[in-house]
Amino acid sequence: MERNYNRGLRRRSLRKFKRHKTGIIGGLILLIYIITAVFAPYISKFDPIAQNLSERLQPPSWKHLLGTDYAGRDIFSRIIYGTRISLTIGFVSVSLALIFGTILGVTSGYFGGWWDILIMRIIDIMLAFPTILLAIGIVAILGPKLENAMIAVGIVSIPQFARVVRATTLSIKEKDYINSAKALGVGEIRIIVRHILPNVLAPIIVQATLGIASAILEAAGLSFLGLGARPPIPEWGAMLSESRQYLRSAPWTVVFPGLAIMFLVLAFNLFGDALRDIFDPRSYK
Amino acid sequence: MKKYIIRRLLLLIPILIGVSFFAFIFIRLIPGDPARVMLGERATAEEIDRIRKELGLDKPIILQYLIFLGNAIKGDLGRSIITREKVISEIMQRFPATIELTLFAMLIASSLGIFLGVLASIKPGSLIDTMVMFFALIGVSMPIFWLGLMLIWFGSLVLGWFPPSGRLDISIDLKVITNFYLIDSLLTFNFKAFIDTLYHLILPGFALSTVPMATIARMTRSSMLEVLNQEYILAEYAKGLPKKKIIMKSALRNALIPIITIIGLEFGFLLGGAIMTETIFSWPGMGRLVYDAIMSRDYPLIQGCILLSSLLFVFINLIVDILYAFIDPRIRYE
């Protein structure tokens, strides 16, 4: 019966998604980015890192679709390779936040007591810092590197996940079927894994999709400040930081990496908003 | 109400302890000997010893924290490694510039955001609604540092309308009293400086305002839609009151409650966003100070900035909560 129910839910969700125009647009843009990331070496004609000083700061042309930067590197190729980096940043840091946030949220919601109080106070403290400032603080401790920027962005995103998961856990914990499972002598871990976690899945997926959007923005910001990816890595934030001083003479070096960030973040936001509409039980008709 | 405020203040204690502890532990978490990391490889043993003493690194950790806390309460946050100035005076010098920029950005964000949100809510699904919501989505998806660069490029380099950086043109004299240039120029009847300060504020203020503006517009729209469906609004329509009056007076006033919370919360974002905006526009505020401190590994200064901006954030949240309880009495009894 459970399987039938799940299949019904899946079908209903898919049907609702097909009707969600902005969600589909977001999904399509995302698909383009993912394909670009996977096939980067086949799409780009130039090495994203090799310098070619004889062609520096060339405006967009047929040879260099988006022009070249101060080191003569093809911006189009750099943006294409950058897709890999930004997607990785988004997925890695959000996975980090998701794993820790879920563990903390589910245990604090389910067990309650002193553990709940402790976790929630720590979360409150984390939320007392402006996110980017906290991330900067963490990178300043760990050292400015792309990996550390991912860790920092992941850590600052933990509170959102923990809160969402805890709230859902609290609402499910009191349901009859959980009480029946308890009465039947089912172990706590089994209850959490079999009955609580599947119900937490929908809000986590929504949070994760929207979380990737902000993670990409934050990580690009860190790289822009020189606290994330270092040159010559073709990370979009780092590209902007390197090209800043050529804003007057070669604006294309600044325009395109920013657009790449914006559309990717926009796609995740559109997709996440659509998922939220679909999974929200209040919108079932 | 009094009870609520007291409870809210008590809740603040663990947060303040936590925040100060993080700011304290920050320097101690740097891998290796913090004194050596701060001073670099070429430092002499004497210098390292002096910094170790200055930071109290030779004492037990709990004692170090208590000393740090005691000093912080007295307003002593140590000295900058680079300039040897007191951290607190460095921050206080820069603080007004950031507040001026943040308030200006908030003014743009809330007035435009509420206006756009109301406009969108009047006819949900219409072209205007779709456009407003689309711009709101673009607003939250745009990297603020990139928008800043684009504004400089277009508004300053292409059109030449606005200055690309700084707070005031060097050719203009201004007697500094409060360090809030808008106020200072008014106090000294220096209208030329006032106008010039405004000109300097527009680009960074607009860049900083986009994300909160988008959030406020979305919040206003959904809050208005909820209120507009209430029976008392329908009753006013039935009574034949003019639509403008219903929307502006009855609906917006009730829809404002959640909007105020969002405005308060967005201040936290602005403090973070100020780091990016100030760096790009060479705005001599706290954000720029944090950036420079990070670049020069001036850890006591970074520590001070982190501590003070999070305290400010906590304080703003407190005010928002109290304001919220004041407007909506149900909150007090939760």
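Residue numbering note: each chain is counted from 1, following its sequence as written. Going through the entries in the order they are written, you letter the chains from A and number the ligands from 1. For this predicted model, a pLDDT threshold of at least 70 governs which residues receive local features, and a threshold of 80 or more governs which side-chain atom pairs are given and counted, while totals over whole chains, interfaces and linings are taken from all residues. Values reported for side chains reflect all heavy atoms of the structure, with hydrogen atoms and water molecules removed beforehand.

*Asks:* Tell me about the overall build of chain B, and please be specific about residues and values.
*Replies:* The helix count covers DSSP runs of H or I at least four residues long, the strand count covers runs of E at least two residues long, and both are numbered beginning at the N terminus. A tally of regular secondary structure across chain B gives 13 helices and zero strands. Seen through its C-alpha atoms, chain B measures out along the principal axes to roughly 85 × 55 × 40 Å. Note on definitions: a residue-residue contact is assigned when non-hydrogen atoms from the two residues lie within 4.5 Å. In chain B, the share of contacts with a sequence separation of at least 24, taken over all contacts with a separation of at least 6, comes to 73%. Areas reported as accessible are Shrake-Rupley estimates using a 1.4 Å probe. Residue values count occlusion only from the protein chains shown. Carbon and sulfur atoms provide 67% of the accessible area of chain B, an area that totals close to 16,600 Å². His is not counted here, nor are the chain ends, while Lys and Arg score as positive and Asp and Glu score as negative. Charge placement uses NZ in Lys and CZ in Arg. For Asp and Glu, CG and CD serve respectively. Charged side chains in chain B number 32 positive and 26 negative. The centres of these two groups are separated by 7 Å.

*Asks:* Describe the overall build of chain A, naming the residues involved and giving the relevant values.
*Replies:* A tally of helices and strands in chain A yields eleven helices and zero strands. Ordered by position in the sequence, the α and β elements of chain A form the string α-α-α-α-α-α-α-α-α-α-α. If one aligns the C-alpha atoms of chain A with their principal axes, the spans along those axes are about 75 × 45 × 25 Å. Throughout, exposure labels follow a simple rule: accessible area from a 1.4 Å probe, protein chains only, divided by the maximum for the residue type, with under 20% read as buried, over 50% as exposed, and the rest as partly exposed. In chain A, buried positions account for 53% of the 285 residues. Long-range pairs, those at least 24 residues apart, make up 71% of the contacts in chain A with a sequence separation of at least 6.

*Asks:* Let's hear about the interface of chain A and chain B: which residues, and what values?
*Replies:* Facing 39 residues of chain A, the contacting portion of chain B comprises 42 residues. The quantity reported as buried area is the accessible area (1.4 Å probe) lost by two parts once they are put together, taken as the sum for both. Together, the buried faces of chain A and chain B total about 3,600 Å²; carbon and sulfur atoms form 82% of this surface. By salt bridge we mean one thing: a side-chain nitrogen of Lys or Arg within 4 Å of a carboxyl oxygen of Asp or Glu. Where chain A touches chain B, the interface holds one salt bridge. Residue Asp273(A) pairs with Arg218(B) through a salt bridge whose shortest N-O separation is 2.7 Å. Polar contact is the term for a pair of N or O atoms within 3.5 Å; when the atoms are in protein, one must be able to donate a hydrogen and the other to accept it, and sequence-neighboring residues count only if both atoms are side-chain atoms. Taken together, the links from chain A to chain B amount to six residue pairs in polar contact (both at pLDDT 80 or more). Those elements giving two or more residues to the side of chain A that touches chain B turn out to be helix H5 (113-127), helix H6 (131-142), helix H9 (188-224), helix H10 (236-243) and helix H11 (252-279) of chain A. Considering each element in turn, the side of chain A that touches chain B owes the most residues, eleven residues, to H11(A).

*Asks:* Please set out the packing of helix H12 (residues 286-295) of chain B against helix H13 (residues 299-327) of chain B residue by residue, giving values where relevant.
*Replies:* Each pair of packed helices can be described by the angle between their axes along with the distance between the axes. Residue and element names in this part refer to chain B. Angles shown run from 0 to 180 degrees and are taken between the N-to-C directions of axes, each axis being a line fitted to C-alpha atoms and, for helices, limited to the stretch in contact. At their nearest, the axes of H12 and H13 sit 9 Å apart, and the two run at 145 degrees to each other. Classified by chirality, the crossing of H13 by H12 is left-handed. Touching Met286, Leu289, Val290, Ala293 and Ile294 of H12 are Leu301, Ile302, Cys305 and Ser309, all from H13. Residue polarity follows a fixed list, in which Ala, Val, Leu, Ile, Met, Phe, Trp, Tyr, Cys and Pro are nonpolar, Asp, Glu, Lys and Arg are charged, and the others, Gly among them, are polar. For the contact of H12 with H13, the class distribution of residues is eight nonpolar, one polar and no charged. It is the rotation of the near helix from the far one that decides the hand of a crossing: anticlockwise by less than a right angle makes it left-handed, clockwise makes it right-handed.

*Asks:* Just give me the short version of the side chain of Ser44(A), but keep the residues and values in it.
*Replies:* In this fold, Ser44(A) is placed in the loop between helix H3 (40-43) and helix H4 (75-111). Non-local contacts of Ser44(A), meaning those with residues more than four positions away in its chain, are made with Ser77(A), Ile80(A) and Tyr81(A).

*Asks:* Help me get a handle on the environment of Phe162(B), residues and values and all.
*Replies:* Residue and element names in this part refer to chain B. Among the structural elements, Phe162 can be located in the loop between helix H7 (144-158) and helix H8 (181-187). Through-space distance from the C-alpha of Phe162 to that of Tyr199 is 6.1 Å; in sequence the pair is 37 residues apart. Phe162 has contacts with Gly155, Ser156, Tyr199, Ile202 and Leu203, leaving out every residue within four places of it along the chain.

*Asks:* Report on a nonpolar patch on the surface, specifying residues and quantitative values.
*Replies:* Residue and element names in this part refer to chain A. Taken together, the side chains of Ile24, Leu28, Leu31, Ile34, Ile35, Val38, Phe39, Tyr42 and Ile43 present a nonpolar region at the surface, about 850 Å² in accessible area. Listing elements by their share of the nonpolar patch, those giving two or more residues are helix H2 (21-38) and H3. With six residues, H2 is the largest single contributor of residues to the nonpolar patch. Here Ile35 is to be found in helix H2. Two distance rules govern patches: like charges are joined within 9 Å, and nonpolar side chains (Val, Leu, Ile, Met, Phe, Trp, Tyr) within 5 Å, applied only to residues with over 30% relative accessible area and no salt bridge.

*Asks:* Any details on the packing of H5(A) against helix H1 (residues 2-28) of chain B? Residues and values, ideally.
*Replies:* Two numbers describe how H5(A) lies on H1(B): the axes approach to 9 Å, and their chain directions differ by 65 degrees. In terms of orientation, H5(A) lies roughly perpendicular with respect to H1(B). Crossing of H5(A) over H1(B) shows right-handed handedness. Together, Arg121(A), Asp124(A) and Ile125(A) of H5(A) and Leu11(B), Pro14(B), Ile15(B), Gly18(B) and Val19(B) of H1(B) make up the contact between the two elements. Broken down by class, the residue content of the contact of H5(A) with H1(B) amounts to five nonpolar, one polar and two charged. For this classification, under 35 degrees means roughly parallel, over 145 means roughly antiparallel, 65 to 115 means roughly perpendicular, and everything else is oblique.

*Asks:* Could you give me a rundown of the pattern of salt bridges, with the residues and numbers involved?
*Replies:* All names here are of chain A. With the rule as written, the count across this model stands at 14 salt bridges over all chains. Residue Arg78 pairs with Asp69 through a salt bridge whose shortest N-O separation is 3.6 Å. For the pair Arg78 and Asp69, a shared accessibility class is recorded, and that class is buried.

*Asks:* Residues and numbers for unusual backbone geometry, please.
*Replies:* With an omega of 5 degrees, the peptide bond between Pro231(A) and Pro232(A) qualifies as cis. For Arg84(B), which is not glycine, the phi dihedral falls at a positive 65 degrees. Relative to the elements of secondary structure, Arg84(B) occurs in the loop between helix H4 (61-73) and helix H5 (87-122). Residue class for Arg84(B) comes out partly exposed when judged on its relative accessible area of 30%. For Phe189(B), which is not glycine, the phi torsion reads 55 degrees and is therefore positive. Relative to the helices and strands, Phe189(B) resides in the loop between H8 and helix H9 (191-228).

*Asks:* Explain the confidence of the model for chain B to me, using residue names and the numbers behind them.
*Replies:* Keep in mind that low pLDDT regions are not for reading the predicted coordinates in detail. Residues and elements named next belong to chain B. Predictor confidence is given residue by residue as pLDDT, running from a minimum of 0 to a maximum of 100. Across chain B, pLDDT averages 85, with 99% of residues at or above 70. Per-element averaging of pLDDT across chain B places helix H2 (residues 34-39) at the bottom with 72 and H7 at the top with 93. Two summary scores accompany this predicted model of the complex, namely pTM at 0.88 and ipTM at 0.89.

*Asks:* How would you explain the packing of aromatic side chains if you had to name every residue and give the values?
*Replies:* Any pair of Phe, Tyr and Trp rings, taking the six-membered ring for Trp, is counted once the centres come within 6.5 Å. Such a pair is stacked with planes under 30 degrees apart, edge-to-face with planes over 60 apart, and tilted for the rest. For the structure on display, the rule yields 14 aromatic pairs over all chains. Each ring, one from Tyr110(A) and one from Phe111(A), has its centre 5.2 Å from the other, and the planes form 85 degrees; the classification is edge-to-face. Owing to a relative accessible area of 6%, Tyr110(A) belongs among the buried residues under this scheme. With 5.8 Å between their ring centres and 45 degrees between their planes, Phe21(B) and Phe24(B) make a pair best called tilted. Taken as a pair, Phe21(B) and Phe24(B) lie in helix H1 at a separation of three residues, close to a single helical turn.

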